[in-house]
Amino acid sequence: MKLFADYHTHTTYSDGRGTPAENIRAAAGRGLAAVAITDHGPRGIGIGVAGPETFLTIKEEVAGLADSFPEVRALVGAEAAVISSDGRLDLPEEIIGQLDLLLAGLHPYYVPDRLGDALCYTLPNLAAKLSRSARAKMRNANTKALLGTVYSYRVDIISHPDLMLPADPDELARACAGRETALEVNTGHHYNKEEIVRAAAYRGARLAINSDAHYPETVGDLASGIALVERLRFPAEMIINAVH
Ligand SMILES: [Zn+2]
Ligand SMILES: [Zn+2]
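Residues numbered from 1 in each chain as written. Chains lettered and ligands numbered in written order. Predicted model: local features only at pLDDT ≥ 70, side-chain atom pairs only at ≥ 80, totals over all residues. Heavy atoms only, no water.

Under the annotation held in an unreviewed UniProt entry, the protein chain carries the name Putative phosphatase YcdX and is attributed to Pelotomaculum propionicicum.

Below, the structure written as structure tokens:
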């Protein structure tokens, strides 16, 4: 299987170490035809962009690079954070509407929409590390939050589902299949991705295999994701960045 794009990379505008130009150059070096700059939304604590308008600055910068890298199509998106128990994201629709693609995902540390949400969502997720019943309860809450996001926004990709903050792969896959939202196989983090791939296959949801690169060196480093979907015989035509 061959992939033509990496739809999830970070730059110095959020918590990445490379500039947009460095990420695009790295993608060209890997022979990719497309790469997306998808920095964190503004509410991620210690990782987010300065403000929602930062994405417009990135867009301008990336547009100015088009002539330097004619072989790579560079997209500008965001990896928005889910900031409430009903799935609100940390970006306004005015900004989302100007992006080439929208990734959304659960992250453990963010500025919540309301204090109540911080209590019923962030803190119990930390507590979930302690007890099995708390973990089951929070898995439900996380799943509900992500489903809220999937149904309220036009999300292209759910980033790293089931990483650190557990969510029900089957329910997620079912919702994503109905909304044409892809589930991510994230090669930048080590965690169990099999359940997500199996659930996507069962429910007919699409996948995206992305690096989540925070360094230019790992842009397009997608081999472990390819190996996983090949081992599980997931069809290439259901992977949004696969050549088929
Ligand atoms: Zn993330
Ligand atoms: Zn990311």
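Chemist: Teacher, can you tell me more about the overall build of the protein chain here?
Modeler: When you go through the protein chain residue by residue, the secondary structure sums to 8 helices and 9 strands. Dimensions of the protein chain along its principal axes, counting C-alpha atoms only, are 55 × 40 × 30 Å. The 244 residues of the protein chain split such that 54% are buried. Contacts in the protein chain between residues far apart in sequence, at least 24 positions, make up 74% of those at least 6 positions apart. When the 24 basic and 31 acidic side-chain charges of the protein chain are each reduced to a single mean position, those positions are 8 Å apart. (Helix = DSSP H or I, 4+ residues; strand = E, 2+ residues; numbered from the N terminus. Buried < 20%, exposed > 50% of the residue type's maximum accessible area, 1.4 Å probe, protein only. Contact = heavy atoms within 4.5 Å. Lys, Arg positive; Asp, Glu negative; His and termini not counted. Charge placed at Lys NZ, Arg CZ, Asp CG, Glu CD.)

Chemist: Where do I start with the coordination of the zinc ion (ligand 1) in this structure?
Modeler: Angles at a metal have ideal values that depend on geometry: 109.5 degrees with four tetrahedral donors, 90 or 180 degrees with six octahedral donors. The zinc ion (ligand 1) binds to the protein through E79 (OE), H107 (NE2) and H160 (NE2), with metal-donor distances spanning 2.1 to 2.2 Å. Taken in sequence order, the residues that donate to the zinc ion (ligand 1) follow the motif E-x27-H-x52-H. Here the zinc ion (ligand 2) and the zinc ion (ligand 1) are spaced 3.4 Å from one another, each receiving a donor from E79. Of this pair, H107 sits in the loop between β5 (101-105) and α4 (115-127) while H160 sits in the loop between β6 (157-158) and α6 (169-179); the two residues are 53 residues apart in sequence, bridging distant segments of the chain. In terms of burial, H107 and H160 fall into one category: buried. (Donors = N, O, S within 2.8 Å, 3.2 Å for Na, K, Ca; no water.)

Chemist: Help me out: how do you make sense of empty space enclosed by the protein in this one?
Modeler: Where empty space is left can be seen by rolling a probe of water-molecule size over the atoms. Summed over the entire model, instances satisfying the criterion amount to 1 cavity of 30 Å³ or more. Counted as a void, the largest cavity has a volume near 50 Å³. In terms of residue class, the lining of the largest cavity is made up of 7 nonpolar, 2 polar and 1 charged. (1 Å grid on protein atoms, 1.4 Å probe; cavity = no way out; pocket = protein on both sides within 12 Å on 5 of 7 lines; lining within 4 Å. Points joined across faces, edges and corners; volume = space filled by probe spheres on them. Nonpolar A, V, L, I, M, F, W, Y, C, P; charged D, E, K, R; others polar.)

Chemist: What should I look at first to understand the coordination of the zinc ion (ligand 2) in this one?
Modeler: Bound to the zinc ion (ligand 2) are the protein donor atoms H8 (NE2), H10 (NE2), E79 (OE) and D212 (OD), situated 2.0 to 2.2 Å from the metal. D212 gets classed as buried once you look at its relative accessible area, which sits at 5%.

Chemist: What is the right way to read the sheet that holds strand β8 (residues 207-210) from this model?
Modeler: Hydrogen bonds between backbone groups are what pair the strands of a sheet, and the pairing can be parallel or antiparallel. On the basis of which strands lie adjacent, the open sheet formed by 7 strands has the order β2-β3-β4-β5-β6-β7-β8 and parallel pairing. Taken across any chain shown, the strands that pair with only one partner, and hence form the sheet edges, are β2 (5-9) and β8. (Pairing = 2+ DSSP bridges.)

Chemist: Honestly, the packing of helix α5 (residues 132-152) against α6 in this entry has me stumped. Any pointers?
Modeler: Working note: a packed helix pair is described by the angle between its axes plus the distance between those axes. The geometry of α5 relative to α6 is characterised by a closest axis approach of 10 Å and an angle of 5 degrees between their N-to-C directions. Overall, the two elements α5 and α6 adopt an arrangement that is roughly parallel. Across the interface between the two elements, R139, T143, L146, L147, V150 and Y151 of α5 pack against P169, E171, L172, A175, C176 and R179 of α6. Considering only residue class, the contact of α5 with α6 consists of 8 nonpolar, 1 polar and 3 charged. (Axes fitted to C-alpha atoms, helices over the stretch in contact; angles between N-to-C directions. Parallel < 35°, antiparallel > 145°, perpendicular 65-115°, else oblique.)

Chemist: Teacher, can you tell me more about the pairing of β2 here?
Modeler: Both faces of the sheet carry side chains from a regular strand, because those side chains alternate between them. β2 sits mainly inside the fold: 5 of its 5 residues count as buried. In this structure, β2 lies alongside strand β3 (residues 34-40), joined through 3 bridges in parallel fashion. Within the sheet, the bridge partner assigned to D6 lies in β3 and is V35. In the classification by handedness, the crossover that spans β2, the intervening helix α1 (residues 20-29) and the parallel β3 is right-handed. (Right-handed = clockwise from strand over helix to strand, strands pointing away.)

Chemist: Can you help me understand the UniProt feature "domain: Polymerase/histidinol phosphatase N-terminal" (unreviewed entry) in the protein chain in this one?
Modeler: Cross-referencing UniProt, the feature "domain: Polymerase/histidinol phosphatase N-terminal" (unreviewed entry) maps to residues 5-84 in the present numbering. Helix makes up 25% of residues 5-84 and strand 26%. Its end C-alpha atoms lie 31 Å apart. (UniProt positions renumbered as here; feature names shortened; annotations may be inferred.)

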